[in-house]
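Chain by chain, the residues run as shown.
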Amino acid sequence: MQIVWLKKDFRDEDHAPLFEAAQTGAFGILYICEPSLWAGSDISSRHYHFTCQSLSRLKSRLEARGLSVSVAVGEAVHVLS
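Throughout what follows, the structure given in this document is the object of discussion. (Residues numbered from 1 in each chain as written. Predicted model: local features only at pLDDT ≥ 70, side-chain atom pairs only at ≥ 80, totals over all residues. Heavy atoms only, no water.)

Details of the pattern of salt bridges
Then, in step 1: Per the stated rule, a full pass over the model turns up five salt bridges.
Then, in step 2: Notably, a salt bridge pairs R11 with D9, separated by 2.7 Å at the nearest N-O pair.
Then, in step 3: Between D12 and R65 there is a salt bridge, with the nearest N and O atoms lying 3.2 Å from each other. Separated by 53 residues along the polypeptide, D12 in the loop between strand 1 (2-6) and helix 1 (16-24) and R65 in the loop between helix 3 (45-63) and strand 3 (69-73) bring together distant segments of the chain.
Then, in step 4: Residue R65 is classed as partly exposed on the basis of its relative accessible area of 48%.
Then, in step 5: Overlapping salt bridges bring together D12, E13, R61 and R65 as one network. (Salt bridge = Lys/Arg side-chain N within 4 Å of Asp/Glu carboxyl O. Helix = DSSP H or I, 4+ residues; strand = E, 2+ residues; numbered from the N terminus. Buried < 20%, exposed > 50% of the residue type's maximum accessible area, 1.4 Å probe, protein only.)

Here it is as structure tokens:
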């Protein structure tokens, strides 16, 4: 099974990893909210709110197509293991 790990690209159109995963069969879509990244000094609450809104819109669009997005909170190395 393939996993499409969303980081900063929340498009559902022209999204190469989503397209390629759909061509190969079963796949899951994952967004990981990593506390260490959000605690960085170069990240503001505006970034966080923009990311939440973008992810919410993407989830809605993908759910309309029968796909779901899993959201996990934790460091990527732990979530992916």
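Next comes the rest of the write-up.
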